[in-house]
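# Coordinate analysis (summary)
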Number of protein chains: 2
Amino acid sequence: MSLDAVLARIDDQMPQALDRLAELLRIPSVSTDPAYAQHCRAAADWLVADLESIGVSAQRRDTSGHPMVVGHVDGPAGAPHLLFYGHYDVQPVDPLDEWRTDPFDPKIEDAAKGKVIRARGSSDDKGQLMTFVEACRAWRDVTGEMPCRITFFFEGEEESGSPSLVPFMQENAEELRADLALICDTGLFQSETPAIVTMLRGMVTEEVTIRGPEVDLHSGFFGGLAQNPIHVLARMLAGLHDETGRVTLAGFYDDIPELAPELRAQWERLGFDHAAFLGAVGLSEPAGEAGRTPLEMIWSRPTAEVNGIWGGYTGAGFKTVLPAEAHAKVSFRLVEGQRPDAVRDAFRAHVKAALPADCTAEFHAHGGSAAGIMDMSGPAFEQARRALGQEWGREAAYVGCGGSIPIAGHFGEVLGMNAMLIGFGKDDDAIHSPNEKYDVESFHKGARSWARVLDALSAPS
Amino acid sequence: MSLDAVLARIDDQMPQALDRLAELLRIPSVSTDPAYAQHCRAAADWLVADLESIGVSAQRRDTSGHPMVVGHVDGPAGAPHLLFYGHYDVQPVDPLDEWRTDPFDPKIEDAAKGKVIRARGSSDDKGQLMTFVEACRAWRDVTGEMPCRITFFFEGEEESGSPSLVPFMQENAEELRADLALICDTGLFQSETPAIVTMLRGMVTEEVTIRGPEVDLHSGFFGGLAQNPIHVLARMLAGLHDETGRVTLAGFYDDIPELAPELRAQWERLGFDHAAFLGAVGLSEPAGEAGRTPLEMIWSRPTAEVNGIWGGYTGAGFKTVLPAEAHAKVSFRLVEGQRPDAVRDAFRAHVKAALPADCTAEFHAHGGSAAGIMDMSGPAFEQARRALGQEWGREAAYVGCGGSIPIAGHFGEVLGMNAMLIGFGKDDDAIHSPNEKYDVESFHKGARSWARVLDALSAPS
């Protein structure tokens, strides 16, 4: 059986694979700082050369920002066409003095829970990206070809807002379109359960300014008589939730489906330790919607959150001002069934309905995107889930993600492709922070996982 | 009759009086800027010399800040002993480019409503201070003596927090104590009705910090599950008032007396134009406690106001943070019957009662002072009110002041003296702003008013 040989090859070649990863990690491809532009280009060139070395026809594709890498390789007739996405750019490293090693001189360390690769980008996302490449390399080494047709698509601007991504996808839609996109930029659930993200919350962000008097007033002269915009704002924001933690906006929950029973049962089997999750940040009790489990609260239920508030005098000491205006930044995490525009409209209506005489509201829309719900109707998700379970020795899970991963949405919106998010990061990887690491276990079993997933997805149906 | 002669003398000598005021206004006695310290000293010396010129035994009394001026002069036996307070220091003049004339080169200008003296300090407080000195000068010119024993007490730090005032009063209590303090640092009601301030609101200022998670959280990972301190704070602040605008703190209104019927009737006769008062700052409707008149709202009813609020991300763009803490600065204007400590305690209890699990509150007391209620039981207030009415040709009013004038409280607390606040400023004097002015009418009729008040208070009872 090819798969067993491929897995054995991955095991055998692990030292060489780690050396290759170390080469890539030595390139300081920080995308947000223009001073590192040449290094981003070098990382793209390295990837092109590495893909070529395994028989992929690859090119660096320059953009007005950092380059993309696109590669194509054929597979056996009848197998699907998969696209794999990863990003080669990394976060800046400051504060540098908090690193115990050089962030661009990767080291294999013996840590308490096993060996780790310590370097910027080891987990986010060079190490994850290379798990897939190593799986492909082993497959070709063993069988002489890839298990299926594969398009490789690597980005160099993920950590700086991906300005070139959607335009590039639009301009190269025909070239990039495949049957399914695989994305490796997520993690194991609670650092141990292999997971496929099948729902991502969307978001609406909105800034509101409440205006009252034309100028700041002295509370001695006007206090008790004049409108205070901070009071008006506080009442509006307090009124966003009822006593049960439900959002009060009109229609907010109208079209949200209840969780499918099988998914609910699977989430229950995950045994999410919310006490540990909250305890790590000094909290103890779930504070969301009454009657919902903690996982529902963060994955499948929508939120209204005030992310910033300001108004009046906020400096040292005291000033008895009645301010002319008060401000808040408010965001809503959206789930299946919610339309960003409808939520934004309902919020604005809520604010306007609460405006007293002499006050006005001004709104500034910062952005909006619907929830990303993967289409699980075909066999691919169950095939991949079984494959992951075999590698990790425990049932793999379909999980939600409370945040947004824009790339998943882009594949759907721009290319009409479904995406499957699988990754092997752990909660303590310190991505975006000093001393980032990736467990050698994540790297090794990650590559093996992809070999199994490729095998499962490529099997004739 | 002496009074008529004194009034005629004031009229005759108005050109000279304006010249004297101009001399004082030319001294740039800005107290808050150390670069002007010698000018503050010069202003004090000028006042000492001017008081000496009218037979007052006066001294510059140095402090660790700017000097005080203290003068004493005897009067006929049987007449009361009055103390007169004013301040010779002025506000800074910036933004200087908004002044149409040199702020320290006083000019008499013909303005739409009559002649004005244009200069920094013309209204606040050099012009007001000199109304009293000119009345005394005329009295002595005509009668050869003062109408009663008078202590003059001028301060040079009123615009910079009066750091030396209370210590100086304490150290010189015996010397400063008199039967009644007269203070000239207030205005005409609605710029036309002579007024004696008989009630000043007190204040409690408090800063509160609500803490939730130990660190700022990402709303994608934690949103919907974790406490958001901004929400907790917004609920607490929204809960400070009920739907009728009443403050909800326990016991807040318990010991507040209703307005005496005669005072209520007098306030009604004032015909306060709240539409114009609010209209000037872009508002139209009284927003305070239901069932109270606008004057009650600002003079005789207490308030709870949020003067500042901040938390989370307040910069440009958007950040979906769940902040670890949120803050507010809250003040309460107090009226007769309220104790600052009790109000502070009730606020803290309100906050603590609203704290959910996992949240804590930290309080920082910024200050507190009870309302200042003048003792009107003797005949002096009615005597002064009648005298003012005679000068201005309309009934003089007892008014409230929504803000605090600390000096009035200091006379009561440190020296056990009652204070009578009479002043002639107008609403458009632009004190603390560019192009400050004092109407020549205020200066002239102000001096005449003091002559009448001195006559009324000095009459054998």
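As the structure is a prediction and not an experimental result, all values here were calculated from the model.

Looking now at the overall build of chain A. A tally of regular secondary structure across chain A gives 15 helices and 18 strands. For chain A, the C-alpha radius of gyration of 25 Å lies close to 23 Å, the compact-globule estimate for 461 residues. Based on the C-alpha atoms only, the size of chain A along its principal axes is roughly 85 × 50 × 45 Å. Contacts in chain A between residues at least 24 apart in sequence constitute 78% of all its contacts with a sequence separation of at least 6. As displayed, chain A has an accessible area near 17600 Å², and 48% of this comes from carbon and sulfur atoms. Chain A carries 40 positive and 68 negative side-chain charges, and their two centres are separated by 2 Å.

A few words now on the environment of Ala357(A). Inspection of the secondary structure puts Ala357(A) in the loop between helix H12 (340-353) and strand E14 (360-369). In the structure, Ala357(A) is positioned 145 residues away from Gly212(A) in sequence and 8.9 Å away in space, judged by C-alpha atoms. If we ignore the near neighbours within four places in the chain, the residues touching Ala357(A) are Gln227(A) and Glu285(B).

So, on to the pairing of strand E3 (residues 81-87) of chain B. Residue and element names in this part refer to chain B. The element E3 is largely enclosed, with a buried count of seven among its seven residues. Alternating positions in E3 separate into two faces, His 81, Leu 83, Tyr 85 and His 87 on one and Leu 82, Phe 84 and Gly 86 on the other, with burial throughout. Across four bridges, E3 lies against strand E7 (residues 180-183) in parallel orientation. Note that in E7 the partner of Tyr 85 across the bridge is Ile 183.

All names here are of chain B. Every buried residue of helix H9 (residues 261-269) is listed here: Leu 263, Gln 266 and Trp 267. Each buried residue of H9 lies within a common arc of 100 degrees when the element is viewed along its axis, so the set occupies one face. With respect to the buried face of H9, the exposed residues turned more than 90 degrees away are Pro 261, Glu 262, Glu 268 and Arg 269. Looking at the buried side of H9, the elements it contacts are strand E8 (195-200), helix H11 (294-300), helix H13 (380-392) and strand E16 (397-401). Where H9 terminates, the next one or two residues include Gly 271, which has phi positive at roughly 60 degrees.

Looking now at the relation of the copies chain A and chain B. Between chain A and chain B, the superposition needs a rotation of 180 degrees and an axial shift of 0.1 Å, giving an RMSD of 0.1 Å. Expressed as an axis order, the relation between the two copies is that of a two-fold axis. Counting the interface residues of chain A, we find that 100% of their copies in chain B are interface residues as well, pointing to one common contact surface.

This part takes up the UniProt feature "domain: Peptidase M20 dimerisation" (unreviewed entry) in chain A. Within the UniProt annotation, "domain: Peptidase M20 dimerisation" (unreviewed entry) is assigned to residues 200-358 of chain A. From the first C-alpha to the last, residues 200-358 of chain A spans 41 Å; its make-up is 31% helix and 21% strand.

Residues and elements named next belong to chain A. Direction vectors running N to C along helix H1 (residues 2-12) and helix H15 (residues 440-458) enclose 160 degrees, while the axes themselves pass 10 Å from each other. The angle between H1 and H15 places the two elements in the roughly antiparallel class. Viewed along their axes, H1 and H15 form a crossing whose handedness is right-handed. Note on element contacts: H15 touches H1 through His 444, Ala 447, Arg 448, Ala 451, Arg 452 and Asp 455, opposite Leu 3, Val 6, Leu 7, Ile 10 and Asp 11. Looking at the contact of H1 with H15 residue by residue, the classes come out as six nonpolar, one polar and four charged.

To continue, consider the packing of helix H4 (residues 126-143) of chain A against H15(A). Residues and elements named next belong to chain A. Axis separation between H4 and H15 bottoms out at 8 Å; the angle between their running directions is 55 degrees. Of the possible angle classes, the one that applies to H4 and H15 is oblique. Between H4 and H15 the crossing geometry is right-handed. Contacts between H4 and H15 involve Gly 127, Met 130, Thr 131, Phe 132, Glu 134, Ala 135, Cys 136 and Trp 139 on the former and, on the latter, Ser 442, Phe 443, Gly 446, Ala 447, Trp 450, Ala 451, Leu 454 and Asp 455. For the contact of H4 with H15, the residue count by class is 10 nonpolar, four polar and two charged.

Attention now goes to the sheet that holds strand E18 (residues 437-439) of chain B. Across a sheet, strands are paired by hydrogen bonds formed along the backbone, either parallel or antiparallel in direction. Residue and element names in this part refer to chain B. Read across the open sheet, the three strands follow the order E4-E5-E18; overall the sheet is antiparallel. Whereas interior strands pair on both sides, the edge strands pair on one side only; in this sheet they are strand E4 (107-111) and E18. Across the sheet, the mean angle from the axis of one strand to that of its neighbour is 35 degrees, orientation sign disregarded. Two elements, E4 and strand E5 (residues 114-118), share five bridges in a ladder whose sense is antiparallel. Bridge pairing links Ile 108 to Ile 117 in E5. Helix H15 (residues 440-458) contacts E4, E5 and E18 of the sheet and is inclined by roughly 55 degrees relative to E18.

On to the side chain of Glu155(B), then. All names here are of chain B. For Glu 155, the location among the structural elements is in strand E6 (residues 149-155). Although Glu 155 lies buried, it forms no salt bridge, and the closest oppositely charged side chain, Lys 126, sits 14 Å away as judged by the N-O distance. One polar contact links Glu 155 to Tyr 85, side chain to side chain, over a distance of 2.4 Å. Apart from the residues within four sequence positions on either side, Glu 155 is in contact with Met 68, Tyr 85, Gly 86, His 87, Tyr 88, Asp 89, Ser 162 and Leu 165.

Attention shifts here to empty space enclosed by the protein. All names here are of chain B. The tally for this structure, following the rule as stated, stands at one cavity of 30 Å³ or more. When its volume is computed, the largest cavity comes out at roughly 70 Å³. Contributing elements (two or more residues each) for the lining of the largest cavity: helix H1 (2-12), helix H2 (14-25) and helix H4 (126-143). Here the lining of the largest cavity takes four residues from H4, the largest share from any one element.

Looking now at the domain arrangement of chain A. Per the domain assignment, the segments making up chain A are domain 1 (2-199 + 372-458) and domain 2 (202-256 + 302-369). Here the C-alpha centre of domain 2 of chain A lies 40 Å away from the C-alpha centre of domain 1 of chain A.

Moving on, we come to the interface of chain A and chain B. Reports often express the size of an interface as the amount of accessible area lost when the parts come together. Taken together, the 73 residues of chain A in the interface contact 73 residues of chain B. On the surface where chain A and chain B come into contact, there are zero salt bridges. Inspection of the region where chain A meets chain B yields 38 residue pairs in polar contact (both at pLDDT 80 or more). Here the side of chain A that touches chain B gets eight residues from one element, more than from any other, and that element is strand E11 (residues 305-312) of chain A. Classifying every residue of the side of chain A that touches chain B gives 34 nonpolar, 27 polar and 12 charged. The pairing of E11(A) with strand E11 (residues 305-312) of chain B spans five bridges and is antiparallel. Within E11(B), the position partnered with Gly311(A) by the bridge is Ile309(B).

Attention shifts here to the pairing of strand E5 (residues 114-118) of chain A. Residue and element names in this part refer to chain A. Once strand E4 (residues 107-111) ends, the chain turns through two residues before running back antiparallel as E5. Direction of pairing for E5 relative to strand E18 (residues 437-439): antiparallel, over a ladder of three bridges. Directly across from Arg 118, in E18, lies its bridge partner Lys 437.

The next subject is the packing of aromatic side chains. Each aromatic ring pair is characterised by the separation of its centres together with the angle its planes make. Residues and elements named next belong to chain A. According to the stated counting rule, one finds 43 aromatic pairs over all chains in the structure shown. Seen in terms of ring centroids, Phe 189 and Trp 299 are 5.6 Å apart; in terms of plane orientation they differ by 65 degrees. Their pairing is edge-to-face. Taken together, the residues Phe 189 in the loop between strand E7 (180-183) and strand E8 (195-200) and Trp 299 in helix H11 (residues 294-300) connect sequence positions 110 residues apart. The same class applies to Phe 189 and to Trp 299, which are both buried. With 5.2 Å between their ring centres and 85 degrees between their planes, Phe 252 and Tyr 253 make a pair best called edge-to-face. For the pair shown, Phe 252 and Tyr 253 are each scored as buried. Within the aromatic cluster, the residues linked to one another by ring pairs are Phe 84, Phe 132, Phe 152, Phe 154, Trp 392, Phe 424 and Trp 450. Here the basic side chain of Arg 246 rests over the ring of Tyr 253, its NZ or CZ set 4.1 Å away from the ring centre.

What counts, and where the lines are drawn
Note on numbering: residues in each chain are counted from 1, in written sequence order. The lettering of chains begins at A and the numbering of ligands begins at 1, in the order of writing. Given that the model is predicted, a residue must reach a pLDDT of at least 70 before its local features are reported, and side-chain atom pairs must reach 80 or more before they are shown or counted; all residues, however, enter totals for whole chains, interfaces and linings. As a rule here, side-chain values cover all heavy atoms of the structure and leave hydrogens and water aside. Per the convention used, a helix needs a DSSP run of H or I reaching at least four residues, while a strand needs a run of E reaching at least two, with both numbered from the N terminus. A radius of gyration in this sense is built from C-alpha atoms; the matching globule rule multiplies 2.2 Å by the number of residues raised to 0.38. The criterion used for residue contact is that any of the two residues' heavy atoms lie within 4.5 Å. Accessibility throughout is a Shrake-Rupley quantity obtained with a 1.4 Å probe, and a residue counts as covered only by protein chains that appear here. Asp and Glu count as negative and Lys and Arg as positive, but His and the ends of the chain are not part of the count. For this purpose, a charge sits on NZ of Lys, CZ of Arg, CG of Asp or CD of Glu. Buried, partly exposed and exposed residues are distinguished by accessible area as a fraction of the type maximum, computed with a 1.4 Å probe on protein chains only: under 20%, between the cut-offs, and over 50%, respectively. Should DSSP find at least two bridges between two strands, the strands are taken to pair. Throughout, the arc means the angular range of directions from the helix axis out to the C-beta atoms. Least-squares fitting of one copy onto the other uses the C-alpha atoms of those residues that reach a pLDDT of at least 70 in both copies. UniProt positions are given in the numbering used here, feature names are shortened, and annotations may be inferred rather than shown by experiment. Lines fitted to C-alpha atoms define the axes, with helix axes restricted to the stretch in contact, and inter-axis angles between N-to-C directions lie between 0 and 180 degrees. Oblique is the label for any angle not covered by the other classes, which are roughly parallel (under 35 degrees), roughly antiparallel (over 145) and roughly perpendicular (65 to 115). Two helices that cross are described as forming a left-handed crossing if the nearer one is turned anticlockwise from the farther one by less than a right angle, and a right-handed crossing if clockwise. Amino acids outside the nonpolar list (Ala, Val, Leu, Ile, Met, Phe, Trp, Tyr, Cys, Pro) and the charged list (Asp, Glu, Lys, Arg) are all regarded as polar, and Gly is one of them. Put simply, a salt bridge is a Lys or Arg side-chain nitrogen that is within 4 Å of an Asp or Glu carboxyl oxygen. In protein, a polar contact requires one atom able to donate a hydrogen and another able to accept it; more generally it is a pair of N or O atoms within 3.5 Å, and residues adjacent in sequence count only if both atoms are side-chain atoms. Here a cavity denotes grid points, spaced 1 Å and computed from the protein atoms alone, that fit a 1.4 Å probe unable to get out, and a pocket denotes an open set having protein on both sides within 12 Å along at least 5 of 7 lines; residues with an atom within 4 Å of a point are the lining. Grid points are joined across faces, edges and corners, and a volume is the space filled by probe spheres set on the points. Residue ranges assigned to the domains are those given by an automatic or database domain assignment. Between 30 and 60 degrees the pair is tilted, below 30 it is stacked and above 60 it is edge-to-face, where a pair is any two Phe, Tyr or Trp rings, Trp via its six-membered ring, whose centres lie within 6.5 Å. In this analysis the charged atom, NZ for Lys or CZ for Arg, is taken to sit over a ring once it is within 6 Å of the ring centre and within 35 degrees of the ring normal.

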